[in-house]
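# Descriptive analysis of the structure
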Amino acid sequence: MHFLLIIFPAHGHINPALQFAKRLIAMGAHVTIPITLHMQRRVTNKITIPGLSFLPFSDGFDAGYTPVDDEAGYMFYMSELERHGSEFVTSLIVSSADEGRPFTCLTYTLLVPWAPKVARGFNLPSAMLWIEPATVLDIFYYYFHGYADCINDKTKEDSLCSMALPGLPFLLSAHDIPSFLLVWKSSVFSYVLRSFEEQIQQLDLEAKPTVLVNTFEALEAEALRAVDGFNMIPIGPLLPSAFVDGKDPSDTSFGGDLFPVSDDCVEWLNSKPEKSVVYVSFGSYFELSRMQMEEIARALLDCGSPFVWVLREKEKADKLSCGEELRKRGKIVTWCSQVEVLAHGSVGCFLTHCGWNSTVESLVCGVPMVAFPQWMDQKTSAKLIEDVWKVGVRVDLLVNEEGTVEGKEIKECLKVVMESGEKGNELRMNAKKWKGLAREAAKEGGSSEKNLRAFMDGVGQKFQKSKFHPLLRSSLQQPLAHSELVLL
């Protein structure tokens, strides 16, 4: 089988997409990923996975696109990515068929709604790879299907206002909803929301579209069935084998890293007692304010626990009022292999922005969290972390008039997680439970592994029945054995 995997060129997309590709390859498929020239320069020279091919193309921004708070700029970039990407993928589908290696299925991540359009043009089976929680997909679906009026200014202003969405067993408040659903009419998020709307519209064009979700059955059982029109299939957690199924202990990395600088934390962590270290990271994109960084720094020092703090620019620590003391008491790094750090026995807590990749890594490693979401889907993940899975406490509900969470509040949350009180013990017990369930789902014979195999079997059957576009028909009528055609 030959899969074509289309990804949006961003760090948060490529890591789970690579793990998805590895899973397909382990089950006998070949995977081809078109990648922008800018992303290729940053990543693929470090990735060598048998069965995986990267094919570079220009999106018109070969030096990279820097996100700006400008609707026209963003829309221009997205239109150029669609134009160049569609042309490249169309040519690739035709040329692969001409070479006798046709694609069996096209899969795609978020923010590339043009990808399923291309697939439909060739009657090629397709599936979406959803790299956020299933709960977030439910929220977007219902927002664009009659519930937008429930998510409005009143919802935002009334902290006691909550809503119920079909199929979800818990209520949602303004604090739990992807941020731009509340502010999009008057903010730069309006154009991002339109991209998500188009993505949902593309799914609506199909009868029972397949959505592969980076989650597992036990984690989001209700959310996976909340939308009757979607066939949501949990295939996660999408992490390196060493941390989930254990089949390949040498597979400890994602296969490529966007940041060239790597600080080795292992030796430092080895010197610390078990579950004594606080790990702090706010992801690859969001920039904390100077005031908020000062408050986090003070909380880390007052908490008394050793810590690893990921700051993309080390000099930022030096500019803080307590920068020198920070370096004495903890370890400041510009980058680290996060999943390897979380898997280390000395780490007892993760102060996180609640990006989905980070949340999944923490769950798989059994590390309780202090949830500090900033925007987008992170708010929903924080809700799940604290109220549904009960593996963490949340600090963003405690902001002051300046919109900052004070150091004393962060310190108290860290102490709850790190100390051996009733609440901390409960969080650690639940984290251990979810770690076991995550690994059970991913191992051979587990629910996620079986789901992916069943999906591949279904794709093979669809491929055999497909009525291909005339552009491909002549290529596919070459004298190949039937089994050879399907199992390339």
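Every chain is numbered independently, its residues counted from 1 as its sequence is written. Whole-chain, interface and lining totals are the exception, using all residues; otherwise, since this is a predicted model, local features are given only for residues with pLDDT of at least 70 and side-chain atom pairs are given and counted only at 80 or more. Side-chain measures were taken over the full set of non-hydrogen atoms in the model, leaving aside hydrogen atoms and water.

Per an unreviewed UniProt entry, the protein is named Glycosyltransferase, and its organism is Abrus precatorius.

Attention now goes to helix α16 (residues 407-418). Secondary structure elements follow DSSP: runs of H or I of four or more residues count as helices, runs of E of two or more count as strands, with numbering from the N terminus. The span you would expect from a helix comes to 1.5 Å times its residue count less one. For α16, spanning 12 residues, the distance from its first C-alpha to its last is 16 Å, which sits close to the expected 16 Å at 1.5 Å a residue. Note on contacts: a residue pair qualifies if any of its non-hydrogen atoms lie within 4.5 Å across the two residues. Those residues of α16 hidden inside the fold are in contact with β10 (277-281), α10 (290-303), β13 (347-352), β14 (369-371), β15 (392-394) and α17 (422-442).

Put plainly, a pocket is an open set of points on a 1 Å grid over the protein atoms alone with protein on both sides within 12 Å along at least five of seven lines, a cavity is a set where a 1.4 Å probe fits but cannot get out, and a lining residue has an atom within 4 Å of a point. Grid points are joined across faces, edges and corners, and a volume is the space filled by probe spheres set on the points. Enumeration over the complete set of coordinates arrives at five cavities of 30 Å³ or more. As a volume, the largest cavity reaches approximately 140 Å³. Along the walls of the largest cavity sit Phe-282, Gly-283, Phe-286, Glu-287, Leu-288, Met-293, Val-310, Leu-311, Arg-312, Glu-313 and Lys-316, which together make up its complete lining. Ten residue types, Ala, Val, Leu, Ile, Met, Phe, Trp, Tyr, Cys and Pro, are classed as nonpolar, four, Asp, Glu, Lys and Arg, as charged, and the remainder, Gly among them, as polar. Looking at side-chain class alone, the lining of the largest cavity contains six nonpolar, one polar and four charged residues. Of the pockets and cavities examined, the second largest cavity occupies roughly 80 Å³.

Turning our attention to the packing of helix α3 (residues 71-98) against helix α8 (residues 190-204). In the contact formed by α3 and α8, the axes pass within 9 Å of each other and the chain directions differ by 30°. If you check the angle between α3 and α8, you find them roughly parallel. Contacts between α3 and α8 pair Glu-71, Tyr-74, Met-75 and Met-78 from the former with Ser-190, Tyr-191, Val-192, Arg-194 and Ser-195 from the latter. Here the contact of α3 with α8 is composed, by residue class, of five nonpolar, two polar and two charged. Interaxial angles span 0 to 180 degrees and are taken between N-to-C directions of axes, which are lines fitted to C-alpha atoms, for helices over the stretch in contact. Note on angle classes: values under 35 degrees are labelled roughly parallel, values over 145 roughly antiparallel, values of 65 to 115 roughly perpendicular, and the remainder oblique.

This part is about the nonpolar core. Judged by nonpolar contacts, the single largest core of 134 residues is most densely connected at Phe-3, Leu-52, Leu-106 and Trp-130. Core analysis: the next-biggest nonpolar cluster, separate from the first, contains 32 residues, Val-278, Phe-282, Ala-297 and Leu-300 among them. We call a set of buried Ala, Val, Leu, Ile, Met, Phe, Trp, Tyr and Cys residues a nonpolar core when their side-chain atoms join them within 4.5 Å. With a 1.4 Å probe rolled over the protein chains alone, any residue whose accessible area is under 20% of its type maximum counts as buried; one over 50% counts as exposed, and the rest are partly exposed.

What follows concerns the side chain of Thr-359. Relative to the helices and strands, Thr-359 is located in helix α14 (residues 356-365). Judged by relative accessible area, Thr-359 falls into the buried class, the value being 0%. Every residue in contact with Thr-359, bar those within four places of it in the chain, is listed here: Cys-354, Met-369, Ser-381, Ile-385 and Trp-389.

In this fold, Asp-138 is placed in helix α5 (residues 134-147). For the purpose of counting charges, residues Lys and Arg are taken to be positive, whereas Asp and Glu are taken to be negative. His and the chain ends are not included. Put simply, a salt bridge is a Lys or Arg side-chain nitrogen that is within 4 Å of an Asp or Glu carboxyl oxygen. In this structure, Asp-138 is buried with no salt-bridge partner, the nearest side chain bearing the opposite charge being Arg-225 at 10.0 Å. Setting aside residues no more than four positions away along its own chain, Asp-138 makes contact with Leu-168, Ala-223, Ala-226, Val-227 and Met-232.

Once that is clear, we can look at the environment of Leu-311. The topology assignment puts Leu-311 in the loop between β11 (307-310) and α11 (315-319). Owing to a relative accessible area of 7%, Leu-311 belongs among the buried residues under this scheme. Separated by 24 residues in the primary sequence, Leu-311 and Glu-287 place their C-alpha atoms 9.8 Å from one another. Setting aside anything within four residues of it in sequence, one finds Leu-311 in contact with Met-293, Ala-317, Ile-332, Val-333 and Thr-334.

Here we take up the packing of aromatic side chains. Aromatic pairing here means that ring centres of Phe, Tyr or Trp (its six-membered ring) are within 6.5 Å. Orientation follows from the plane angle: under 30 degrees is stacked, over 60 is edge-to-face, and everything else is tilted. Applying the stated rule across the entire model yields 13 aromatic pairs. Taking 5.1 Å as the distance between ring centres and 90° as the angle between the ring planes, the aromatic pair formed by Tyr-143 and Phe-144 counts as edge-to-face. Among the aromatic residues, those joined into a cluster by ring pairs are Tyr-141, Tyr-142, Tyr-147 and Phe-230.

Now for the sheet that holds strand β2 (residues 30-36). Across the sheet, which stays open at both edges, the seven strands sit in the order β3-β2-β1-β4-β5-β8-β9 with parallel pairing between neighbours. Pairing within the sheet leaves two strands with one partner each, and these edge strands are β3 (52-57) and β9 (231-234). Neighbour to neighbour, the strand axes of the sheet diverge by 25° on average, direction disregarded. Where strand β1 (residues 2-6) and strand β4 (residues 105-108) come together, four bridges link them in parallel fashion. Of the residues in β4, the one forming a bridge with Phe-3 is Cys-105. The pairing criterion is simple: DSSP has to find at least two bridges between the two strands.

With that out of the way, let us pick up the sheet that holds strand β12 (residues 331-333). Ordered by their spatial adjacency, six strands build an open sheet running β12-β11-β10-β13-β14-β15, and the pairing between neighbours is parallel. If you trace the sheet from one side to the other, it starts and ends with β12 and β15, each paired once. On average, each strand axis in the sheet is inclined to that of its neighbour by 15°, with strand direction left out of account. Bridging between β14 and β15 involves three bridges; their strand directions are parallel. Residue pairing for β15: Met-369 is matched across the bridge by Gly-392. Sheet contacts for α10: β10, β11 and β13; angle to β11, the most-contacted strand, approximately 165°.

Before going further, it helps to examine the environment of Ala-21. Mapping Ala-21 onto the fold places it in helix α1 (residues 11-26). A residue is classified by how much of its surface remains accessible, and Ala-21, at 1% relative accessible area, is buried. Each C-alpha atom of the pair Ala-21 and Phe-3 lies 8.6 Å from the other, and the pair is 18 residues apart in sequence. If sequence neighbours within four positions are ignored, Ala-21 has contacts with Leu-5, Val-31 and Leu-52.

Scanning the model with the defined rule gives 17 salt bridges in all. Note that Arg-83 and Glu-80 form a salt bridge whose closest N and O atoms lie 3.0 Å from each other. Note that Arg-83 and Glu-80 are positioned in helix α3 at a spacing of three residues, about one turn of the helix. With a relative accessible area of 14%, Glu-80 lands in the buried category. One connected set of salt bridges, linked through shared partners, spans Asp-176, Lys-379, Arg-394 and Asp-396.

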